[in-house]
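Structure assessment
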Amino acid sequence: MFVEHLGYLFDAGLRLAPEKAAVFQDDVVLSFADLDARADRVAHALTTLGVRVGDRVALLFQNDWRFFELLFGALRVGAVVVPLNTKGSDEHLAYCLRDASPGVLFCGPGLAGRGARACAEAGVDLRLIDVAGETYRQVQASEKIAFPRQNLPGTAIGLMLYTSGSTGRPKGVLLSHASQLWNARVMAKATMVDESGRALVAVPLFHKNALVAAMKPLLLVGGSLVVVDKFEAGSCLAAIARHRATYLTGVPAMYQMMLREKEALLRHDLSSVRYALCGSADVPESLAREFAAAFNGAPLAESYGLTEATNPLANSRFGLLKRGSCGRAVPGGEVRLVPAEPGDPDLGELHLRNPGLASGYHGQEALWRERIPDGWFRTGDLMRRDADGYYYFVGRLDDMINVAGEKVYPREVERIIAADEAVAAVVVVAVPHALKGQVPAAFVVPKAGASLDPERIRRRFFEGGPAFAYPRHIFDVTEFPLNGAGKPDRRRMAAMAAELSAGVPSSS
């Protein structure tokens, strides 16, 4: 087998087609041979700086082609790579730097100043290297010398990704080489990518979506990555056309914004796109139809994953695709539902175990034991399972809305609202209620040119049920606030809803 550990993920492409493009970004085209040589130079430089197996190397980057050579170079040394969230607050960055204690911080173009401020606030002493600076230029101008390959145990940690910290302080999730290689193989099979595949990377590289759904499976099979520095709908469409991207991964808001670019959709040739994945929310049938019409009939499938467990469920490109479903359990993985309500074995918290599971939380061993007390990881996500073994995300257990003792799950309310012909996207959160404790409130983005009819939406609940779950407040908005991963920021929206609904009478 070519791949010895994660640092040599793209060995198949390197050995079979070294001059084939591995990464595109604007005018930059990096072949597999280029990527390999540049990663080796990084590995030599890190060794010179004293970085050894198990040491941490942090990356503060927007999407940039140099991210990959730094990632693979550090992995080849046996270091643990810590991608940092550039969209996080300064406080978040400082916390992660203190917690991870990296010896080296590489900063992407334009981010050295922010990196220096975060280091000062964190009070950490490390080597900061600006990839746009002279020091890094000299590293990559040095003679090509192959870095000696090491045989690391599969249990060795290769990545430490931080969670958003929306339910407490951020957690550094420890991911082994073996777990990430297993996940790369599973995702390559589920998405049916091969050496002809070119994945658009518009989601942040510090987030699991980009790493799991694009980088790892495509480079594993000798495919290519089409990188844009940050998401902007028009730029993404131009990149797809210019570099003939075949595969997309993103979140619903990204696809919706692309579909609004009517002139660009007509101007660019998007016929290369074969398939797209969508995470973080359901894909309404209307969005799937619009996407297929704009992208040469390409299907848009939902996906589900966690930082701690990559993709335990997946919709495959072959077989039955059920709209609204996260898919079925991936081969080699196990899932189970722990019933949330008596008498309904097909509704419950998802527990899982598979070779792609994280090894723990950095410095938070007790918390990890709470999440995996019996070898099964407790996701905290409520799922519904149908007769064919397809799973449907209902919501986070801690997002449940208790309406006078009745359990209301936001995702199920969102599905009812999304069926309205005027609704493009919806997010439901809880707001306080004097009599019932909590009630649902909905943020709704209407379709272009459509007008919302709140009473019509409410009638759906009274006529089709459940009546107690109807949204007491409906807020007409043009877009949702997003968190660093590009997902709707439910925590922020709950605070907004509480403020907007304060003093506004709502029916019982």
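The structure reproduced in this document is the subject of the present report. In this text, all values refer to a predicted model and were calculated from it rather than measured experimentally.

1. With respect to the overall build of the protein chain
A count of helical and extended segments in the protein chain gives 16 helices and 25 strands. Radius of gyration (C-alpha) of the protein chain: 23 Å, near the 23 Å computed for a compact globule of 508 residues. Put simply, the protein chain has 508 residues, and 57% of those count as buried. Contacts in the protein chain between residues far apart in sequence, at least 24 positions, make up 68% of those at least 6 positions apart. Of the accessible surface of the protein chain, which amounts to about 20400 Å², a share of 52% is contributed by carbon and sulfur atoms.

2. Comments concerning the sheet that holds strand S16 (residues 334-339)
A sheet is described by the order of its strands in space; here four strands give the open sequence S16-S17-S19-S20, paired in antiparallel fashion. Single-partner strands in this sheet number two, and they are S16 and strand S20 (391-396). If you compare each strand with its neighbour and ignore which way they point, the axes differ by 45° on average. Examined bridge by bridge, strand S19 (residues 377-385) and S20 share five bridges and lie antiparallel to one another. Residue pairing for S20: Leu382 is matched across the bridge by Gly395.

3. Quick notes on the pattern of salt bridges
Inspection of the entire model under this criterion finds 29 salt bridges. The salt bridge partner of Asp27 is Arg242, with a shortest N-O separation of 2.4 Å. One end of the pair, Asp27, is in the loop between strand S1 (21-25) and strand S2 (28-31); the other, Arg242, is in helix H9 (residues 233-243), and 215 residues separate them in sequence.

4. Re the pairing of strand S9 (residues 198-201)
In terms of strand pairing, S9 meets strand S10 (residues 224-227) through four bridges, oriented parallel. In the strand pairing of S10, Leu200 is matched with Val226. As for the winding sense of the linkage, the β-α-β connection from S9 through helix H8 (residues 208-220) to S10 is right-handed.

5. Examining the sheet that holds S1
Pairing is mixed in the open sheet, where nine strands are placed in the order S2-S1-S10-S9-S11-S12-S13-S14-S15. A strand with exactly one partner marks an edge of an open sheet, and here the two such strands are S2 and strand S15 (328-329). Pairing between S1 and S2: four bridges, direction antiparallel. The residue bridging Val23 from the neighbouring strand is Leu30, located in S2. Contacts from helix H10 (residues 252-260) reach S9, strand S11 (247-250), strand S12 (275-278) and strand S13 (300-306), with the element oriented near 120° to S11.

6. What to know about unusual backbone geometry
The phi torsion at Met192 lies on the positive side, around 55°, for a residue other than glycine. Its location among the elements puts Met192 in the loop between helix H7 (177-191) and S9. Despite not being glycine, Arg244 shows a phi value in the positive range, around 55°. Within the secondary structure, Arg244 is located in the loop between H9 and S11.

7. A short note on the nonpolar core
Within the largest apolar cluster, 112 residues are counted, with the highest numbers of intra-cluster contacts made by Phe68, Phe72, Phe106, Leu200 and Phe295. Looking at this core, the element that brings in the most residues is H8, giving nine residues. Residues contacting Leu200, with those up to four places away along its chain left out, are Val226, Val228, Cys236, Ala239, Ile240, Ala245, Tyr247, Leu248, Thr249 and Met258. Ala425, Val429, Phe443 and Phe480 belong to the second largest nonpolar core, which has 30 residues in total.

The rules behind each value
- Residues numbered from 1 in each chain as written.
- Predicted model: local features only at pLDDT ≥ 70, side-chain atom pairs only at ≥ 80, totals over all residues.
- Heavy atoms only, no water.
- Helix = DSSP H or I, 4+ residues; strand = E, 2+ residues; numbered from the N terminus.
- Rg over C-alpha atoms; globule rule 2.2 N^0.38 Å.
- Buried < 20%, exposed > 50% of the residue type's maximum accessible area, 1.4 Å probe, protein only.
- Contact = heavy atoms within 4.5 Å.
- Areas by Shrake-Rupley, 256 points an atom, 1.4 Å probe, with all protein chains shown as cover.
- Pairing = 2+ DSSP bridges.
- Axes fitted to C-alpha atoms, helices over the stretch in contact; angles between N-to-C directions.
- Salt bridge = Lys/Arg side-chain N within 4 Å of Asp/Glu carboxyl O.
- Right-handed = clockwise from strand over helix to strand, strands pointing away.
- Core = buried A, V, L, I, M, F, W, Y, C linked by side-chain atoms within 4.5 Å.

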